[in-house]
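# Coordinates in review
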Amino acid sequence: MFQSFDSPTSPDQGPPRLARLRALMSEQGLDAVIVPRADRFQGEYVAPHDDRLAWLTGFTGSAGFCVVTATRAAVFIDGRYKVQVRAQVAPDFTPVDWPMTTHVDWLSRELPSGGVVGFDPWLHSLDEIARLTAGLPDHDLRPIANPIDAIWDDQPAPPSAPVLPHPLEFAGEDHGAKRARLAQDLTRAGHAAALITLPDSVAWLFNIRGADIPRNPIAHAYALLRADGTAVLLTDPAKCDEIRDHLGPQVDIRPEGDLADVLSDLAQGPVRVDTQSAPQAVALLLDQAGLDLIPGTDPCRLPKACKNAAELSGMRDAHLRDAVAMCRFLAWFDAADQTGLSAIDLVTQLEGFRRDTNMLRDISFDTIAGAGPNGALPHYRVTAQTNRRLGEGELIVLDSGGQYPDGTTDITRTLVVGQAGAEEKRAFTLVLKGMIAISRARFPRGVAGSHLDALARYPLWLAGLDYDHGTGHGVGAYLCVHEGPQRLARGGDVPLVPGMILSNEPGNYREGAFGIRIENLIAVESAAPLPGGDARDMLAFETLTWVPIDRNLIDPDLLTQEERDWIDSYHAICRDKIGPLIPEDCGTWFSAATEKL
């Protein structure tokens, strides 16, 4: 199994660790310390070595941070984790709704003027520190060595997985051509180099993959791309034996600790740095090297997001393969004694079907299998301690995906044990209406994800409902399952362009009762012209995910004729694409699951 069911933390571990941190703060004259979730790569997912927030507080969500003073310890979490955080942290920690309350607001109230706030400059972006400095002008923001590392006696070793080439047939463009293309942009802008600090950008640029982060095929690495197209890959050289010939003579491999020397070797600047993601420590190193820092977007982010023909082809193939595994699972579930199953049984069985493809490299994230009230936790992760049997009438939010050499998948289906109640069917159908609205959307170039997000929420809004997460995130091609800059969310301000891949996953959650989410992956494409339409260049979405949606949860009376037609068309395409691929023992279930409404 890729997924384990051990509980990585427990609330009782937090208080003694908090006491040790406060003792260290007192020794160093610190009035407050910020402990973020992020590592030095500003990643959402972190290696066990870098999971400092979970070690201190017990909170294991993928976003958040803690601010500790001598008397208070605040854990800042967004709406996805309001329920989860209460179950995972001890009373010594106070959950704070974020971003409704920011750490600037909180520190302004809790800490007198002149208070010393310690932070590890490798774990906070330049933009974040700039906001803190502007918001706390009367406080002393002090860069410090990481205080958690100083008290974490059994801290896991840093990851050391080998780095491997990513085949050209899946990458679609040689890394030399990528470097030359991006270098031309640096030259036009008058920049001597760009420092790239996001590992998925580094992986895309050099056509390499790694395994330093669970579920994400990336290596811990920075890169310096010069305006002449040459580059330096900054990572552990011991991990790079398999890629030396692949990279060739124009890419030097240096230890990550050589970053200061690599910058000093530049004859002149300026150096482009993405201040949204680069750590504050980078600014200190550039200043020491006498080089000007030019704020700018990571040059890889947008090209990486716009998948080329080979990447899109690989993603389509990966989704067909993954759909067969999902259909095998759904057929198994339909025939099973469902109340005799537990959430762990579901996770184990689904991973087994993906493994049967003989192409699964990893799961793309820990499978979310939230039954009944656990479904109301959008990112619920079952453990041996929380596992329980399924109950009659319960809904199950099953969110999962696979990492294959040609693509990354992410799919959510809501299942029901037996028959669903009228309220559950109504909520499911309202969520489905929003998912269909995104799938059918046509929009002009220049439209961003924030403009489309409301389409998915509108049916829920009319019923006085909503959900506390974005409608969709970007997805990489055999890379991170969460990829920027594209998003379908209120804060998604990047215009969508062809080749971008996103999730489409509206939901609804009732604390203590049930959760619902329906998710397909979609790719931005040019829209076919309409008779009588204007000549404006319009875009649309190509659906990548082809797995039946449970018709037993749909209330057809709540759907328009266009929405019914979409469901019937979707299931007809599922038959065409997946029907010939599924095993014979799934045929009866599959035929019933794809019937017309």
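Quick summary incoming for the structure in this document. (Residues numbered from 1 in each chain as written. Predicted model: local features only at pLDDT ≥ 70, side-chain atom pairs only at ≥ 80, totals over all residues. Heavy atoms only, no water.)

### Observations regarding a nonpolar patch on the surface
A cluster of nonpolar side chains, namely Tyr458, Trp461 and Leu462, defines an oily patch on the protein surface of about 360 Å² accessible area. With respect to the secondary-structure elements, Trp461 resides in helix α17 (residues 449–462). With a relative accessible area of 39%, Trp461 lands in the partly exposed category. (Patch = residues over 30% accessible without salt bridge, like charges linked within 9 Å, V, L, I, M, F, W, Y side chains within 5 Å. Areas by Shrake-Rupley, 256 points an atom, 1.4 Å probe, with all protein chains shown as cover. Salt bridge = Lys/Arg side-chain N within 4 Å of Asp/Glu carboxyl O. Helix = DSSP H or I, 4+ residues; strand = E, 2+ residues; numbered from the N terminus. Buried < 20%, exposed > 50% of the residue type's maximum accessible area, 1.4 Å probe, protein only.)

### Description of unusual backbone geometry
Put simply, Trp98 and Pro99 share a cis peptide bond, and its omega is 15 degrees. Mapped onto the elements of the fold, Pro99 is located in the loop between β4 (94–97) and α4 (103–110). Its identity is not glycine, yet Asn207 carries a phi of approximately 55 degrees, on the positive side. Topologically, Asn207 is positioned in the loop between α9 (199–206) and β9 (208–209). Non-glycine residue Asn358 carries a positive phi angle of around 60 degrees.

### Describing helix α15 (residues 343–355)
Here α15 spans 19 Å end to end across 13 residues, near enough to the 18 Å set by a 1.5 Å rise per residue. Among all positions of α15, only Ala343, Ile344, Leu346, Val347, Leu350, Glu351, Phe353 and Arg354 are buried. Looking at the buried positions of α15, the neighbouring elements they touch are α14 (309–335), β15 (362–363), β16 (368–371), β17 (395–400), β18 (402–404) and β20 (411–416). (Expected span 1.5 Å × (residues − 1). Contact = heavy atoms within 4.5 Å.)

### Section: the pairing of β20
Burial of β20 is extensive: 6 of the 6 residues sit out of reach of the surface. With burial as the criterion, each face of β20 is covered, one bearing Ile411, Arg413 and Leu415 and the other bearing Thr412, Thr414 and Val416.

### What to know about the pattern of salt bridges
Applying the stated criterion across every chain yields a total of 35 salt bridges. Across the pair Arg86 and Glu511 runs a salt bridge, and its minimum N-O distance is 2.7 Å. Note that Arg86 is positioned in helix α3 (residues 82–88) and Glu511 in the loop between β25 (507–510) and β26 (514–517), a separation of 425 residues in sequence. A relative accessible area of 58% places Glu511 in the exposed class. When the shortest N-O distance is used, the salt bridge between Glu351 and Arg355 registers 3.3 Å. With Glu351 and Arg355 both in helix α15 and 4 residues apart, the pair spans about one turn of that helix.

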